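Below, each chain spelled out in residue letters.
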Amino acid sequence: MKRKLIAAALVFFIGTNINAQQPLSINEVIALSLQNNYDIQLTRSDSLLTALDLAYANYSLLPRLNANGGYLINSGNRNEIRGNGDKGQGKISTNNLTASLNLNWTLYDGLRMFIARDRLRSLVGLSELQIKNQIINTVADVMLVYYNIVRQEQQQRAIEEQIALSSERLQLAQYKFEVGTGVKPDVLQAQIDLNAQRSAQLTQQTNIQKLKEQLNQLLVLPLNNNFLIADTNIAINRSYTLDSINSNVTTTNTELLIAQKSLDIAALDLRLRRAERLPVVEFNSAYNFNRTTNNAIVNPVQQNQLLQIRGLNYGVTASIPIFNGFTNKRLIKVAELNIESQKLLYDRSFALINTNLANSFRDYQLYLQVVSLEEENIKLVRENLYIARERYRLGVTTFLEMRIAEQSLADAAFRLIQARYNAKIAEIELQRLRGEIVR
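Residues numbered from 1 in each chain as written. Predicted model: local features only at pLDDT ≥ 70, side-chain atom pairs only at ≥ 80, totals over all residues. Heavy atoms only, no water.

### Here's the deal with the environment of S360
In step 1: Relative to the elements of secondary structure, S360 occurs in helix 9 (residues 327–393).
In step 2: Measuring from C-alpha to C-alpha, the distance between S360 and A423 comes to 9.7 Å, with 63 residues separating the pair along the chain.
In step 3: Sequence-distant contacts of S360, defined by excluding residues within four places in its chain, comprise A426, E429, L430 and L433. (Helix = DSSP H or I, 4+ residues; strand = E, 2+ residues; numbered from the N terminus. Contact = heavy atoms within 4.5 Å.)

Rendered as structure tokens:
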């Protein structure tokens, strides 16, 4: 769908309440799903968390600065006997004030900081693809339900046409019976057919309401919101070719793009594990302040009443991993196996998607041919019904022949409606596999 159409419809619905009698077009329904659908909103929330981590990723490259401080008071009673027999006693009280400002900066860690940042960027890209994939699947589901409602409403109109034909046939049978040219079984059969079609009409109305509730759930609209559908026919895009379907599928299909992005992340995980084998070099610096006061001096030569130390220290430290029980070796092997698994998943997705594309295109071609055949056929059926009805009025043909002609119209209308819907399903599936439903 065109982005401008979706954007215009989205803006329209943000400021407007849904009117139960306002017909909804397919573009408006898609816009509502993009705005309200729970699955899309949940996927967006997960993506925002990943984007938030990336927004702060560059700060991990900066130095870490910490301030520490403390104040300690010691108090007690002194009672001593010296070696010469002198005794001493009194109170002891000391105060200790410490403060420091520490700076630590990782200069080199095997490039793990940069690899981790690249991994976060890849995770953000993966989240964006997951959002797009969720949007595509949700829009496809919405379109299927929407066009199913269109199909059911077309079928309801076909049933209403059959009711009108059966009512007229009942009147003709009743008239012929009253004037003596008809028989009672024809009247009864016409009434039976009319009642059966009215019953089918009630069933059809219930089916339509159930589908509308399903669409309400997808659009997060209130229950019993009995909206109208703007589309009365199922428009089919007949321009797809095999070449256009198969071209550039690896760059448009979101499932393949997600598998490729997962493979890229697995490769970054392996780089991280290998970087853990390399040394870590850090720059460390600290400014320290320490002051101790002592109000009870026992030995003035060896004890200080006030001791204050302050100064700056700095240096570089290096940590070289030598042996950790082969943990790094095991983790690297796990990362390598994960890459192989991601490659297999990508190859499986590629094969499956190409198979689904080929099968969907075959269905698409088949139903286009069936639609063309049924469109031609229904013209013949209507012409045949017109002739049968005129012949029945003139008494040239029988009641049974006219009833068979009416049933042929009902069958032809059902086949045509079903063929158009099946062609639309195949078209939507092609768009979903190509990632073209929402651009």
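### Considerations on a nonpolar patch on the surface
In step 1: Residues W105, L107, Y108, L111, F114, L278 and V316 make up a contiguous nonpolar surface patch of about 620 Å² in total accessible area.
In step 2: For the nonpolar patch, the leading source of residues is strand 3 (residues 87–108), giving three residues.
In step 3: Here L107 shows up in strand 3.
In step 4: Among the residues examined, L107 registers a relative accessible area of 47% and is labelled partly exposed. (Patch = residues over 30% accessible without salt bridge, like charges linked within 9 Å, V, L, I, M, F, W, Y side chains within 5 Å. Areas by Shrake-Rupley, 256 points an atom, 1.4 Å probe, with all protein chains shown as cover. Salt bridge = Lys/Arg side-chain N within 4 Å of Asp/Glu carboxyl O. Buried < 20%, exposed > 50% of the residue type's maximum accessible area, 1.4 Å probe, protein only.)

### Details of the environment of I131
In step 1: In this structure, I131 sits in helix 4 (residues 112–179).
In step 2: Setting aside residues no more than four positions away along its own chain, I131 makes contact with T43, R44 and S47.

### Some details on the packing of aromatic side chains
Working definition: an aromatic ring pair is given by the centre-to-centre distance plus the angle between the planes.
In step 1: Evaluated as defined, the whole model comprises five aromatic pairs.
In step 2: Feature note: the residues Y240, F361 and Y364 constitute an aromatic cluster, connected by ring pairs.
In step 3: Over the aromatic face of F227 sits the side chain of K212, whose NZ or CZ is 5.6 Å from the ring centroid. (Phe/Tyr/Trp six-rings, centres within 6.5 Å; stacked < 30°, edge-to-face > 60°. Lys NZ or Arg CZ within 6 Å of the ring centre and 35° of its normal.)

### Describing the nonpolar core
In step 1: One finds M143, Y146, Y147, I149 and L215 to be the most contacted residues of the largest nonpolar core, which totals 61 residues.
In step 2: Mapped by element, the contributors of at least two residues to this core are helix 2 (26–36), helix 4, helix 5 (184–219), helix 8 (254–275), helix 9 and helix 10 (399–434).
In step 3: Here this core gets 14 residues from one element, more than from any other, and that element is helix 4.
In step 4: Not counting chain neighbours up to four residues away, the residues in contact with Y147 comprise I26, D231, I234, Y421, K424 and I428. (Core = buried A, V, L, I, M, F, W, Y, C linked by side-chain atoms within 4.5 Å.)

### Considering the environment of F361
In step 1: Within the secondary structure, F361 sits in helix 9.
In step 2: The exposure class of F361 is buried, given its relative accessible area of 6%.
In step 3: Here F361 is in contact with Y240, T241, L242, I245 and L430, once residues within four sequence places are set aside.

### Things to note about the side chain of K424
In step 1: Mapped onto the secondary structure, K424 falls in helix 10.
In step 2: On the basis of relative accessibility, which here comes to 6%, the residue K424 falls in the buried class.
In step 3: Apart from the residues within four sequence positions on either side, K424 is in contact with Y147, I234 and A235.

### Considering helix 8
In step 1: For helix 8, with 22 residues, the first-to-last C-alpha span of 31 Å sits near the 32 Å given by 1.5 Å per residue.
In step 2: Two or three places before E255, at the opening of helix 8, N253 has a side-chain oxygen 3.0 Å from that residue's backbone nitrogen. (Expected span 1.5 Å × (residues − 1). Polar contact = N/O pair within 3.5 Å; in protein donor to acceptor, adjacent residues only side chain to side chain.)

### Section: the packing of helix 4 against helix 8
In step 1: Contact pair helix 4 / helix 8: the axes reach a minimum separation of 9 Å and the direction vectors enclose 165 degrees. Viewed along their axes, helix 4 and helix 8 adopt a mutual orientation that is roughly antiparallel. At the point where helix 4 passes helix 8, the crossing takes the left-handed sense.
In step 2: A breakdown of the residues in the contact of helix 4 with helix 8 according to their chemical character gives 12 nonpolar, six polar and eight charged. (Axes fitted to C-alpha atoms, helices over the stretch in contact; angles between N-to-C directions. Parallel < 35°, antiparallel > 145°, perpendicular 65-115°, else oblique. Left-handed = near helix turned anticlockwise from the far one by under 90°. Nonpolar A, V, L, I, M, F, W, Y, C, P; charged D, E, K, R; others polar.)

In short, the description is geometric, and any link to function would need to be established separately.
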